[in-house]
Amino acid sequence: PEGWHEQDPLMLATASEELLRALVAEIGAPERVTGLALTGQMHGALLCNPDGTPATSLVTGRDQRAVNEIPAWQAKLNPLESRLGCRIHPGYGGATIAWFTKEKMLSGTMQAMPLAAWIGERLTGVRRVDSHHAASWALYDGPTGTWLEPAITALGIPRSALPDIIASGQTLGQLGATQAKALGLRPGVTVHAPLGDNQASVFGSTLGNPSTACINLGTGGQISIPIPAWRFTEGTETRPYTGTGALQIGAALCSGWAYDYCRAFIAGAVASVTGAAPSDKAVFQAMDRAAEAAQTGADGLVFDTRFQGTRGEPALRGAISQISTSNLTLANFCRAALELSLIHISQGIVR
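Now for a look at the structure at hand. (Residues numbered from 1 in each chain as written. Predicted model: local features only at pLDDT ≥ 70, side-chain atom pairs only at ≥ 80, totals over all residues. Heavy atoms only, no water.)

1. Some points on the overall build of the protein chain
Using the following cut-off: Comment: elements are numbered from the N terminus, with helices defined as DSSP H or I runs of at least four residues and strands as E runs of at least two. Note on method: radius of gyration uses C-alpha positions; expected globular size equals 2.2 Å times residues raised to 0.38. Contacts were defined at the residue level, with two residues in contact if any of their heavy atoms lie within 4.5 Å.
Looking only at helices and strands, the protein chain has twelve helices and 19 strands in total. Here the C-alpha atoms of the protein chain give a radius of gyration of 22 Å, agreeing with the 20 Å that 2.2 N^0.38 yields for 351 residues. Based on the C-alpha atoms only, the size of the protein chain along its principal axes is roughly 70 × 55 × 45 Å. Partitioning the contacts of the protein chain with sequence separation of at least 6, the portion at a separation of at least 24 is 67%.

Structure (structure tokens):
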């Protein structure tokens with residue numbers, strides 16, 4: 001149905017295992033592998049049977065099926081936001097699990113899992129949810145590192161549906177003989193509890209330097225700033241990080257997506273005028289050259305790239321403003337789109 005966004009967990013598991021086998025083959029010395037570190041997309045959830053088989057598809061963070069329930073759920077969780085570190089939104093694991101519960105899809109024997117944790121269970125037989133993914137569900141008590149019982153109750157989710165939490169990066173278990181043989185590894189390799197994709201990207205980019213912020217520009221965009229302890233600020237999200245620290249996050253739904261949207265507009269305009277459609281690569285290269293040639297500030301042109309609104313204000317839409325008789329050029333158009341994308345992901349932190 002429209003607004004639903006699902007993925008096949010078994011297909012994703014197969015792809016993950018094929019990748020791991022390829023990496024082991026590339027190393028050429030499987031005995032050198034002493035541990036496996038996992039990461040994966042946050043927010044999403046699937047239901048699992050007691051034997052670990054999936055009972056549902058993976059419902060991803062882009063899913064909108066619970067959108068009509070969100071205002072009521074946000075109102076219930078609003079007093080708890082400083083502990084949760086975020087506001088619940090469609091696609092967040094807590095919303096998906098609450099929707100499963102409301103639709104009576106969650107039986108007494110099933111439990112909810114993020115994808116990376118489910119992959120970890122397949123490798124070790126141990127079912128735990130790591131702290132990073134747990135926090136992305138908007139059910140996690142940041143200061144204590146446990147499930148926030150009042151939030152779970154407020155959404156009508158049975159406590160039995162949530163596995164125990166393990167700190168991200170800690171030892172989840174060991175690779176069993178069957179799994180090791182299938183992957184080309186020796187039994188007993190340590191498998192570590194997953195890190196969230198956001199936290200893993202920050203740690204990998206900054207080498208864990210607590211004084212370095214990280215900007216990610218993918219489909220959406222994020223600025224992630226390490227902070228020494230849990231601190232919640234309105235308009236941002238706070239997520240657990242390494243050790244006892246946390247990350248403060250400013251995020252936008254359209255970032256790289258916004259630039260690609262501009263690329264599609266330019267390509268369509270060129271095709272309409274010339275009758276020939278340029279390649280994506282050619283348009284992106286032209287846009288990059290134009291943006292580099294423009295001055296900082298794009299000669300006053302303002303390009304609001306919030307084409308899909310924000311988490312807090314989903315009805316917001318983008319706009320181009322402050323157009324003069326001279327500043328609406330390709331160079332300023334591209335430059336303004338890039339500059340405003342960065343501003344939108346950082347404005348919460350700046351405040």
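Let us keep going from here.
2. Regarding the sheet that holds strand β16 (residues 237–240)
Let me state the cut-off plainly: When DSSP locates at least two bridges between a pair of strands, those strands are taken to pair. To get an axis, fit a line to the C-alpha atoms, keeping to the stretch in contact for a helix; angles then go from 0 to 180 degrees between the N-to-C directions.
Read across the sheet, four strands follow the order β14-β15-β17-β16 without closing on themselves; strand pairing throughout is antiparallel. Strand pairing shows two members of the sheet lacking a second neighbour, β14 (214–217) and β16, which therefore form its edges. Between one strand axis and the next, the sheet turns through 25° on average, direction left out of account. Of the pairings in the sheet, the one linking β16 to strand β17 (residues 246–252) comprises four bridges and is antiparallel in character. The residue of β17 that forms the bridge with Pro240 is Ala246. In the packing of helix α9 (residues 197–206) onto the sheet, contacts are made with β14, β15 (221–227), β16 and β17, and the angle to β14 comes to roughly 125°.

3. Details of helix α11 (residues 280–293)
Selection criterion: Take the number of residues in a helix, subtract one, and multiply by 1.5 Å to get its expected span. The buried label goes to any residue with under 20% of its type's maximum accessible area, the exposed label to any with over 50%, and the partly exposed label to all in between, with areas taken from a 1.4 Å probe on protein chains only. Taken from the helix axis, the directions to the C-beta atoms give the arc we talk about.
Counted at 1.5 Å a residue, the expected span for α11 with its 14 residues is 20 Å, and the 20 Å between its end C-alpha atoms agrees. Taken together, the buried positions of α11 are Val283, Met287, Ala290 and Ala291. Projection of α11 onto a plane perpendicular to its axis shows the buried side chains occupying an angular sector of 95°, all on one side. Exposed side of α11, more than 90 degrees from the buried face: Lys281, Arg289, Glu292 and Ala293 are the residues found there.

4. Brief notes about the pattern of salt bridges
What counts here: Salt bridge, as used here, is a side-chain nitrogen of Lys or Arg placed within 4 Å of a carboxyl oxygen of Asp or Glu.
Per the counting criterion, the structure on display carries 15 salt bridges. Across the salt bridge formed by Lys102 and Glu69, the nearest N and O atoms sit 3.6 Å from each other. One end of the pair, Lys102, is in helix α4 (residues 93–102); the other, Glu69, is in the loop between β5 (58–59) and α2 (70–77), and 33 residues separate them in sequence. The class of Lys102 is partly exposed, set by a relative accessible area of 44%. Overall, the relative accessible area of 24% leaves Glu69 in the partly exposed class. Salt-bridge contacts for Glu121 lead to Arg127; the nearest nitrogen and oxygen are separated by 3.0 Å. In this pair, the class of Glu121 matches that of Arg127, namely buried. Residues joined in a network through salt bridges with shared partners are Glu6, Asp63 and Arg65.

5. A closer look at the environment of Gly176
Relative to the helices and strands, Gly176 resides in the loop between β11 (171–174) and α8 (177–183). The class for Gly176 is partly exposed, based on a relative accessible area of 25%. Expressed as a C-alpha distance, the spacing of Gly176 and Arg186, which sit ten residues apart in the sequence, is 8.7 Å.

6. Topic: the state of the cysteines
Operational definition: Note that a disulfide, as used here, is simply two cysteine sulfur atoms within 2.5 Å.
As enumerated under the stated definition, the model contains zero disulfides in all. Cys214 carries a free sulfur, and the closest cysteine sulfur to it, the one in Cys86, is 20 Å from it. For Cys214, a relative accessible area of 7% puts it in the buried group. Not engaged in a disulfide, the cysteine Cys262 finds its nearest cysteine sulfur in Cys334; these two sulfurs lie 6.9 Å apart.

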